Amino acid sequence: MQVGPDGKIYMTTNQQGFLNVINRPNLKGLACRFILNGFNLNPLNIGNIQSGFFLPTFIQSYFYRPKIDLQQTCFGDTARFQLSNNAYVDSVRWDFGDPASGALNKSTAFNPKHFYATPGPKQVQAIVHFNFTSDTLNQTIYIPVSITKPNLGPDRGLCPGDTLLLRAFQSGATYEWQDSINTDSVYVVTKPGTYWVQVSNGCGVRTDSVTITFDQPLSLSLGADTLLCPGEQLQLQVNANGAAVLWSDSTTGNSITVTQPGTYWAQLSNACGSWRDSINVSYRPVPAATWLPNDLTLCKQTQYTINGTHPDAVSYKWQDGSTLSSFTATVSGTYWLEVTTACTTVRDSINLTLIPTPPINLGADTLLCPGEQLQLQVSTRGGNIRWQDGSTDTVFTVTKAGTYWAEISNSCGSWRDSVTVYFRSPSITKWLPKDTILCLQSRFVINGQHPDAISYKWQDGSSNVVFEARSSGIYWVDVTTACATLRDSVQITLLPLPARLLPADTLLCSGESIQLKAPQGKSYKWSNGQTSQTITVSQPGTYKVNVGMGENCFYTGSVNVKEERCYCTAFIPNLITPNNDNQNDRFEPKGLEPGTWQLEIYNRWGSRIYQNSNYTNQWPEQDIPAATYYYLLRNKESGKTYNGWIEVVK
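Residues numbered from 1 in each chain as written. Predicted model: local features only at pLDDT ≥ 70, side-chain atom pairs only at ≥ 80, totals over all residues. Heavy atoms only, no water.

Right, let's talk about the overall build of the protein for a bit. Within the protein, the secondary structure is distributed over 0 helices and 52 strands. Each principal axis of the C-alpha atoms in the protein carries an extent, and together these give about 165 × 130 × 50 Å. For the protein, with 650 residues in total, the buried portion stands at 32%. (Helix = DSSP H or I, 4+ residues; strand = E, 2+ residues; numbered from the N terminus. Buried < 20%, exposed > 50% of the residue type's maximum accessible area, 1.4 Å probe, protein only.)

In the structure shown here, the tally under the stated rule is 18 aromatic pairs. Geometrically, the ring pair formed by Phe 587 and Trp 619 is edge-to-face, given 6.5 Å between the ring centres and 85° between the ring planes. One end of the pair, Phe 587, is in the loop between strand S48 (575-576) and strand S49 (597-602); the other, Trp 619, is in the loop between strand S50 (608-612) and strand S51 (627-635), and 32 residues separate them in sequence. Trp 619 carries the same exposure label as Phe 587, and that label is buried. Among the aromatic residues, ring-to-ring pairing joins Phe 587, Tyr 610, Tyr 615, Trp 619, Tyr 629 and Tyr 631 into one connected group. The residue whose ring lies beneath Arg 347 is Trp 336, and the NZ or CZ to ring-centre distance is 3.7 Å. When the ring centre of Trp 476 is taken as reference, the NZ or CZ atom of Arg 487 above it lies at 3.6 Å. (Phe/Tyr/Trp six-rings, centres within 6.5 Å; stacked < 30°, edge-to-face > 60°. Lys NZ or Arg CZ within 6 Å of the ring centre and 35° of its normal.)

This part is about the pairing of S49. Counted residue by residue, S49 has 5 buried out of 6 residues, so it is predominantly covered. Pairing of S49 with S51 involves 6 bridges; the strand directions are antiparallel. Residue pairing across strands places Leu 599 opposite Leu 633, the latter belonging to S51. Bridge count for S49 against S50 is 4 bridges, and the pairing is antiparallel. Residue pairing for S50: Ile 601 is matched across the bridge by Tyr 610. Taking the residues between adjacent antiparallel strands as the criterion, S49 and S50 are bridged by 5 residues, where Gly 606 takes a positive phi near 85°. (Pairing = 2+ DSSP bridges.)

So, about the state of the cysteines. Applying the stated criterion across every chain, the model contains 4 disulfides. Each disulfide pairs two cysteine sulfurs, and for Cys 74 the partner residue is Cys 203, the sulfurs being separated by 1.8 Å. Residues Cys 74 and Cys 203 are joined by a disulfide whose S-S torsion is about -130°; by sign, that bridge is left-handed. A residue pair is termed long-range when its members are at least 10 positions apart, and Cys 74 in the loop between strand S5 (67-71) and strand S6 (78-84) and Cys 203 in the loop between strand S16 (193-201) and strand S17 (204-214) qualify at 129 residues. (Disulfide = S-S within 2.5 Å.)

Glancing now at unusual backbone geometry. Residue Pro 620 follows Trp 619 across a cis peptide bond; omega there is 0°. Within the secondary structure, Pro 620 is located in the loop between S50 and S51. Not every positive phi belongs to a glycine, and Asn 241 is a case in point at roughly 50°. Tracing the backbone through its elements, the reader meets Asn 241 in the loop between strand S19 (234-237) and strand S20 (244-247). Take Asn 241: its relative accessible area is 52%, and that puts it in the exposed class.

Spatial strand order, S8-S7-S10-S11: 4 strands in an open sheet with antiparallel pairing. Single-partner strands in this sheet number two, and they are strand S8 (106-107) and strand S11 (133-143). Of the strand pairs in this sheet, strand S7 (residues 91-95) and S8 are connected by 2 bridges, and their pairing is antiparallel. From the neighbouring strand, Asp 95 faces S8, where its bridge partner is Lys 106.

A few words now on the pattern of salt bridges. A complete count under the given rule lists 12 salt bridges for this structure. Taking the shortest distance from any N to any O, the salt bridge between Arg 386 and Glu 407 comes out at 3.4 Å. With Arg 386 in strand S32 (residues 384-387) and Glu 407 in strand S34 (residues 402-410), the pair connects residues that are 21 residues apart, well separated along the chain. The salt bridge partner of Lys 430 is Asp 488, with a shortest N-O separation of 3.3 Å. (Salt bridge = Lys/Arg side-chain N within 4 Å of Asp/Glu carboxyl O.)

With that out of the way, let us pick up the pairing of S11. Regular strands place their side chains on alternate faces of the sheet. Summarising the sheet, strand S10 (residues 120-130) and S11 pair through 11 bridges and their orientation is antiparallel. When the bridges of S11 are listed, Gly 120 appears paired with Ile 143. Here S10 folds back onto S11, and the loop between the two strands holds 2 residues, one of which, Asn 131, carries a positive phi near 55°.

Reading across the sheet, the 5 strands line up as S48-S52-S51-S49-S50 and stay open at both edges, with mixed pairing between neighbours. Across the chains shown, the open sheet's two edge strands, defined by having one partner strand only, are S48 and S50.

Considering the arrangement of structural elements, one finds Tyr 142 in strand S11. Spatially, the C-alpha atoms of Tyr 142 and Ser 171 are 9.9 Å apart, while their sequence positions differ by 29 residues. Setting aside anything within four residues of it in sequence, one finds Tyr 142 in contact with Gly 120, Pro 121, Ser 171 and Gly 172. Of the polar contacts made by the side chain of Tyr 142, one reaches the side chain of Ser 171; its length is 2.3 Å. (Contact = heavy atoms within 4.5 Å. Polar contact = N/O pair within 3.5 Å; in protein donor to acceptor, adjacent residues only side chain to side chain.)

Okay, the confidence of the model for the protein next. Looking at the protein, the pLDDT average stands at 87 and 94% of residues meet or exceed 70. Summarising per-element confidence for the protein, the mean pLDDT is lowest in strand S1 (residues 2-3) (68) and highest in strand S38 (residues 455-458) (96). (pLDDT = per-residue confidence, 0-100.)

Turning to a nonpolar patch on the surface, a few remarks are in order. On the surface, a cluster of nonpolar side chains totalling about 200 Å² of accessible area is made up of Val 445, Val 465 and Val 466. If you trace the backbone, Val 465 turns up in the loop between S38 and strand S39 (466-469). According to the relative accessible area criterion, Val 465 is partly exposed, its value standing at 34%. (Patch = residues over 30% accessible without salt bridge, like charges linked within 9 Å, V, L, I, M, F, W, Y side chains within 5 Å. Areas by Shrake-Rupley, 256 points an atom, 1.4 Å probe, with all protein chains shown as cover.)

Attention now moves to the environment of Ile 437. The residue Ile 437 is located in strand S36 (residues 436-439) in this model. Separated by 58 residues in sequence, Ile 437 and Leu 495 have C-alpha atoms that sit 7.5 Å apart. For Ile 437, the contacting residues outside a window of four places in its chain are Thr 493 and Leu 495.

So this is what it looks like as structure tokens:
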């Protein structure tokens, strides 16, 4: 058993090809991680290698194998080599894989140096001797050259669907692109954007970038063939959208200026192709400056249409602002027309003299209201006036029915017009029915129809011919005729059946009497023979009354009077015991006259502690201290009042 340089304990088993291993000798139990046959003494299966009863003196070289290390270097620098785990190395013989360097390709130094005349991969060998044995180490190293700046090419465009390969290869280099994913020397571009690559080796880091745009198929239009005015210029312009431009005159700008007739073309080119369009440019002749008819004088005409058509006109504008190609003149005067052509505006004029037919129109036959007047009027323009009565004024006033005419004459002839005037008959002023009294009805329909009516307006603003009265009162209606607004009214008295002729069935205290009262009417007849509105009864029974409201209008009602023993005078207690035993718990006056009673309670200091405007024997409604209180009890209908004191005992 021995402790190795790695801190583990190794043990033999006689005549076995393995060593047992305790991986953690400082821990107890299973934590020490003992492994039976954990180390193979014959990994290459050479001969018969077995252990004995004990281990020989420990030789560390059994567990340490040297390794070639190269200090990072670039082409043009001196490469420095060394062996790791070289504590038990006796000697070493180096071969730097550089036969062109002659004798310098070999070395026996433990930490040799070598200068490589060329960059690239080198096969280095070291034969190491230790503890009466040797080991040959072979390792490929790479001598990098200095990084040059990668060249991704100029910014450029692609057509949709195209791809582009960006190449940044340098021998022995590593690559990082803008997406931090691709590490190849080639990057495939499939969409627009800015792409960059970082190329590095042990000698440095260099970057380059390129912007790739994706062109779109373009459209090109110089417009329709154009007709210009003399001396006019036309600027032809294209939207290049990054494309190359070529014009028919070999210029490459975005626009050219046309000053001569001819055919012009433009061409756009990008990664997706080329597009060309052309346009023919022509020039117009100078428009005519005079085209209206000669000056004219016309007799017996009220109008004349001037034809202003111009062969080059784009739009027209007459002296009044109208825009048609012709103008109808109705009065004498000078008329001018401006014509706008594609190139300029020209004006021509004509002097026109019209002798029109004199205007005369007295209007349609007319119906007037009584007392109304009508003024007939004609114009003196273009002639002399004469009325049927020989007068020559421009206005004639009509005050009675008849046929009236006026005549206008001039050198071209005479013209006459006539009108017949009628007068309406006076309208009736009373048309509603007489004042009406209706028995046992709650509504009445008033017919307000008037023979001359145009519209109706009742006192409530309604506009129907009829009105439904639902209560007694005076109703009026305004009728608008062609001549005036008339008003008539009627008084309607509705005598509907009252909801109750007599009070509800009532009680009569023994030995007392009560009064029964019928509603207001014109006559009364009770079942006991009395004929007054109010009767006094002292006996129980059913009492009927017949009330006359008007001619042939009678109402009948009845009331049942029952007799009951009553207190003759009011009894008001002066002591209560509110202990919830249902005996004398509340303030309950007896023998009060019928009606609504109001109760107020005051304490000994005069402060009101309770009020009820419709008292029905419910005080006290909550717990109160035992004491002397004062009450004020009043009948709200009759005004009867009681006051005094009451003792609350508990």
